[in-house]
Amino acid sequence: MLNERTPLISSGVCGLNVATAACGAKADTTPDSGSDTPTKDPRQLDTFFGVMVPTILSMFSIILFLRMGFVVGHAGLLQGLLMVFVAYTIISLTILSICAISTNGAVQGGGAYYMISRSLGPEFGGSIGLMFFLAKVFACGEYVLGLVEAILDVFGTNPDTHLAEGFRLLPHGYWYKVLYSSVVLLLCLIVCLVGAHIYSRTAFVILLIVTASLLSIFISSVAVKPFDFIITHQGPGNETVQYNVSYTGFSTATLKNNLDSGYSLDYSTNTVMSFATVFAVFFTSCTGIMAGANMSGELKNPSIAIPKGTVSAVFYTFLVYVLLLLMVSATCSRTLLIQDYGFLQKINLWPPFVTVGIYCASLSAAMCSLIGASRILHALAVDHLFGMPLAPATITSNSGNPWVAVLYTWGLAQCVVFAGELNSVAAMVTVFYLLAYAAVDLACLALEWASAPNFRPTFQLFSWHTCLLGILSCLVMMFVINPVYSSGSIVLLLLLLLFLHYRSPTSSWGYISQALIFHQVRKYLLMLDVRKDHVKFWRPQVLLMVANPRSSCQLILFVNQLKKGGLFVLGHVQLGDLDTMPTDPVQQQYNFWLSLVDKLDVKAFVDLSLSPSVRQGTQHLLRITGLGGMKPNTLILGFYDSCTPDDYFLQDSAFCSSSLGQGSEGEYNFGVDLPSLQAHFPPVRHVESPRSLSPEEYVGIVADALKMGKNACLARYFFQLEGEDKESKVDGSERTIDVWPLNLLQPGSRDYEDVCSLFLLQMACVLNMSHKWRRARMRIFLNVETESNDQGWVVNEEAFRELLKKLRIRASIKIVPWDTVVQHHIQPAGEPKHTLSEDFLSAVNCMLLEHSAQAAVCFLYLPRPPAHHSHSQQYLAQLEAVTNNLGPTLLIHGVTPVTYTGL
């Protein structure tokens, strides 16, 4: 169904507009730290330093040097290459989505979070952004643990004797690992507090060192001669286990032995490996594809730098991984690969080359994750999605460095290192990243399916097929790796979605949901064929004309219950001539009316018209309101009388000044706050105020509706209807809905089954079925003349009871003798045929007051308006006299069949 409370599409939903960016310009140019000095422009990085270098270093990390042998040893070369291709297929599909989104407008700080939030809205953006932040935090902890593992491999005490030998001075043990990890994290914190710009410059030096280390590995595979050596490990029972391992150099026999898989016990975790666990470890090496995107706040031109730098970095790392897998498979025995993760140091011409490469790659990956996570957290804080807990994270230094967000991230990463082992964290990191990548693909898919004209990225190498395939591949691999972690992460995502749905303020970013709704609604409206309408599926589709909502709010709330899931439109006519005006004044009013709809919490559209007269404007609305099969079939008007209704704005607490300032922090109200809403609608009209509508014009509107095949309803005294806040004080079972299906102004008519009477019954039944009126009792009053000898009314009563049974309407029938009323129905001499005596009108009013004075709402038969406009005032006077002091009353004249007794 349509979202009936909001426009179908908001402008700018697809373009990542700089003007509406809450986390970019605001985060990087506003010194939240309280300094009055001008801030420096943080956008200083180009494609190479800002995107390629951090992406390459993030993707190499610790896995390149310490887990490639682990992959080949357990999975074999064939499955290892399969893992590479699967992983790079997933990230390549995600990269296509990243490139498409990032080239569709200006990308601000926050990287992936900014892309998702500005594409899918705050709920999805905030929840996925937090998940991506957690992925970065876990990855940072993983890289630190890997670095500590490499440090202990070189400088740790002898694992057999636990004694210091030469440079092996660092003791082993769980708590020692936590201590060393904390020291390394502290070093990363100091660098990140200095700023991302210094890191990005030093990162290039780190990349040169890592590249030199890689070159030494490939050169050593040719230069180093084959040799055998012994590896010792401490077994599960604290016994010492020795393995004879071989470095064979390039050998076809070694390559053949390493082709197939050989999953066995992992000596670091003492668990048996499988395809899923090995892939989870390897995939963490591919999770750095957004390292450049996360630096978007520091990039000179992120829309160009992100796609160009990311694609180049991924292609480069793919070649390195494939070549390294082939080299390792052809030169090392399987036992060596499984039992020694640091074997690349032992087979190198100069082992310190690899050692320095490991330290640099791990340290840079950890710092890159720390910086990227802090930028995401800062963007979340600036957007006020999680309220006060993240409020301090908005603070930045004069250079734009979010140092408080860095401290937040460091603290969480410190918790991660308590896992103690790299392989223990890998599965969680991979699941979080896969979920974030699936969200990026979903964002691009939604933009593509929405077919909005403003979605025209300069990067064209993508389609909805690549987005959908990326989503499915991410979700499948998540559950292959770890079903428990995957299910838990999705549950966490859903909980965050629900939290943000109810917590987050309305934003000005543009909602992709609105574009998708528009796309789907248009398709289904075309399928909604009016020629296929059937009476058994009829429902009220109401156009409620409102002059001033200050006096009509109770009626608006009532009609919202009466519509039974049908169309509900608030109509308003502003008097004027567009020819004499520079602009259309109606367009400026829509936000006020839509804000009123939000405030009243009703499911209604708004349609406004500019016309020289109210009657002409109402005709226009009756003709053009709605679309396709969703057009109003019922017109409801407030009653034309001289009473002064209450001002609802002065009664309801939601509209009082005491409710000011209760909105959520950072709430976007579409330019209409509460004082503006109150000021826009004028005070309630007093009796002596001039009317903009004459009696003839008012009755003409009713006649026009009937001529156009619309049902007409006149609502009186609905300002006396108890509000929803008061309904809880009254037992719903005590309320009654009274229905008088006979035309009381024509006593000679005894037809209770004409179209109008049945329509009246149907409307009362619809109200009784609504949530607020479900416990109310429905009473139907049958007027009979008992003094005549004709007992036909008894037969009519039985027939009417049978009709109610066929229509499945549960109501009690009350027989009301009205002989004393009918006797006053005497045509005054010399008066027109339609003229009724005042005694008769007064008698009818007394009869209604006697039986329905305490009714919550009363439904009456509305006679057809007179043919000539000269009788309009008399017609209104009769209706006013009949309903005088009756309470909330709805006079109804139906022209369409609405009841059905068949299946």
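Residues numbered from 1 in each chain as written. Predicted model: local features only at pLDDT ≥ 70, side-chain atom pairs only at ≥ 80, totals over all residues. Heavy atoms only, no water.

(A) How the structure looks around the overall build of the protein. Within the protein one finds 31 helices and 14 strands. Out of the 903 residues in the protein, the part that is buried amounts to 55%. Summarising the internal contacts of the protein: among those between residues at least 6 apart in sequence, 83% fall at separations of at least 24. Surface summary for the protein: the accessible area is close to 37700 Å², and the carbon and sulfur share equals 61%. (Helix = DSSP H or I, 4+ residues; strand = E, 2+ residues; numbered from the N terminus. Buried < 20%, exposed > 50% of the residue type's maximum accessible area, 1.4 Å probe, protein only. Contact = heavy atoms within 4.5 Å. Areas by Shrake-Rupley, 256 points an atom, 1.4 Å probe, with all protein chains shown as cover.)

(B) Expanded view of the packing of helix H4 (residues 68–102) against helix H11 (residues 302–331). At a minimum axis distance of 10 Å, the contact between H4 and H11 shows a crossing angle of 170 degrees. Here H4 lies roughly antiparallel to H11, going by the angle between them. (Axes fitted to C-alpha atoms, helices over the stretch in contact; angles between N-to-C directions. Parallel < 35°, antiparallel > 145°, perpendicular 65-115°, else oblique.)

(C) Inspection of the sheet that holds strand S7 (residues 605–611) at higher detail. Across the sheet, which stays open at both edges, the 10 strands sit in the order S7-S6-S5-S8-S9-S14-S13-S10-S11-S12 with mixed pairing between neighbours. Bordering the open sheet on either side are S7 and strand S12 (812–817), each of which pairs with just one other strand. For this sheet, the mean angle separating the axes of adjacent strands, direction not counted, is 25 degrees. Relative to S12, strand S11 (residues 777–784) runs parallel, the two being bridged by 6 bridges. Across the sheet, residue Asn783 finds its bridge partner in S12, namely Val816. The sheet contacts of helix H27 (residues 755–769) involve strand S8 (634–638), strand S9 (711–716), strand S10 (736–740), S11, strand S13 (857–861) and strand S14 (889–893), and relative to S13 the element is tilted by about 165 degrees. (Pairing = 2+ DSSP bridges.)

(D) Summary view of the pattern of salt bridges. Considering all chains together, one arrives at 7 salt bridges under this definition. The salt bridge involving Asp529 is made with Arg531; its shortest N-O contact spans 2.8 Å. On the basis of relative accessibility, which here comes to 74%, the residue Arg531 falls in the exposed class. Members of the salt-bridge network, linked through shared partners, are Asp641, Arg716 and Glu880. (Salt bridge = Lys/Arg side-chain N within 4 Å of Asp/Glu carboxyl O.)

(E) Main features of the nonpolar core. Judged by nonpolar contacts, the single largest core of 161 residues is most densely connected at Phe65, Tyr88, Ile91, Val210, Phe282, Ile289 and Tyr437. In terms of residues, this core owes the most to one element, helix H16 (residues 422–450), which gives 22 residues. Counting residues in each nonpolar core, the second largest holds 115 residues, with Val606, Leu608, Val702 and Ala705 among its members. (Core = buried A, V, L, I, M, F, W, Y, C linked by side-chain atoms within 4.5 Å.)

(F) Highlighting the confidence of the model for the protein. Confidence in the prediction for the protein averages 82 pLDDT; 85% of positions are at 70 or higher. Scored below 50 in pLDDT, residues 1–38 makes 102 contacts in the model with residues more than four places away or belonging to other chains. Across residues 658–666, confidence stays below pLDDT 50; counting only partners more than four residues off in sequence or on other chains, it has 13 contacts. (pLDDT = per-residue confidence, 0-100.)

(G) Local environment of a nonpolar patch on the surface. A cluster of nonpolar side chains, contributed by Leu215, Ile219, Leu349, Trp350 and Phe353, occupies part of the molecular surface with about 540 Å² of accessible area. Of note, Leu215 is situated in helix H8 (residues 196–223). (Patch = residues over 30% accessible without salt bridge, like charges linked within 9 Å, V, L, I, M, F, W, Y side chains within 5 Å.)

(H) Up close: the packing of aromatic side chains. Tallying each qualifying case throughout the model produces 33 aromatic pairs. Three or more aromatic residues joined by ring pairs make a cluster, and in this case those are Phe60, Phe85, Tyr88, Phe282, Tyr316, Phe318 and Tyr321. For Arg67, the ring lying beneath its charged end belongs to Phe70, and the centroid distance is 6.0 Å. For Lys523, the ring lying beneath its charged end belongs to Tyr524, and the centroid distance is 5.3 Å. (Phe/Tyr/Trp six-rings, centres within 6.5 Å; stacked < 30°, edge-to-face > 60°. Lys NZ or Arg CZ within 6 Å of the ring centre and 35° of its normal.)

(I) Representation of the environment of Glu880 in the model. Inspection of the secondary structure puts Glu880 in helix H31 (residues 872–882). Taking the C-alpha atoms as reference, Glu880 lies 9.4 Å from Leu841; in sequence the two are 39 residues apart. Residues in contact with Glu880, not counting those within four places in the same chain, are Phe639, Asp641, Ser642 and Arg716.

(J) Region of the structure containing helix H10 (residues 275–283). With 7 of 9 residues buried, H10 lies mostly within the body of the structure. Those residues of H10 not exposed but buried are Ala276, Val278, Phe279, Ala280, Val281, Phe282 and Phe283. For H10, the secondary structure elements touched by its buried residues are helix H3 (63–66), H4, H11, H16 and helix H17 (464–481).

(K) Main features of the pairing of S7. Within S7, 6 of the 7 residues are buried, which leaves it mostly tucked inside the rest of the structure. Sheet analysis places strand S6 (residues 568–575) next to S7, joined by 7 bridges and oriented parallel. Residue Leu575 lies in a different strand from S7, and its bridge partner there is Ser611. This β-α-β element, S6 to helix H21 (residues 590–600) to S7, shows right-handed connectivity. (Right-handed = clockwise from strand over helix to strand, strands pointing away.)

(L) Molecular detail of the environment of Val281. For Val281, the location among the structural elements is in helix H10. Overall, the relative accessible area of 2% leaves Val281 in the buried class. For Val281 and Ser424, which are 143 residues apart along the polypeptide, the C-alpha to C-alpha distance reads 9.2 Å.

(M) Structural view of H17. Between the first and last C-alpha of H17 there are 26 Å, a value that for 18 residues agrees with the 26 Å anticipated at 1.5 Å per step. Among the residues making up H17, those that are buried are Thr466, Cys467, Gly470, Ile471, Ser473, Cys474, Met477, Met478 and Ile481. Contacts made by the buried residues of H17 are with H4, H10, H16 and helix H18 (483–503). (Expected span 1.5 Å × (residues − 1).)

(N) Spatial organisation of the packing of helix H30 (residues 838–852) against H31. Contact pair H30 / H31: the axes reach a minimum separation of 8 Å and the direction vectors enclose 35 degrees. Where H30 abuts H31, its residues Leu841, Val844, Asn845 and Leu848 lie against Gln878, Ala881 and Val882. Tallied by class, residues from the contact of H30 with H31 come to 5 nonpolar, 2 polar and no charged. (Nonpolar A, V, L, I, M, F, W, Y, C, P; charged D, E, K, R; others polar.)

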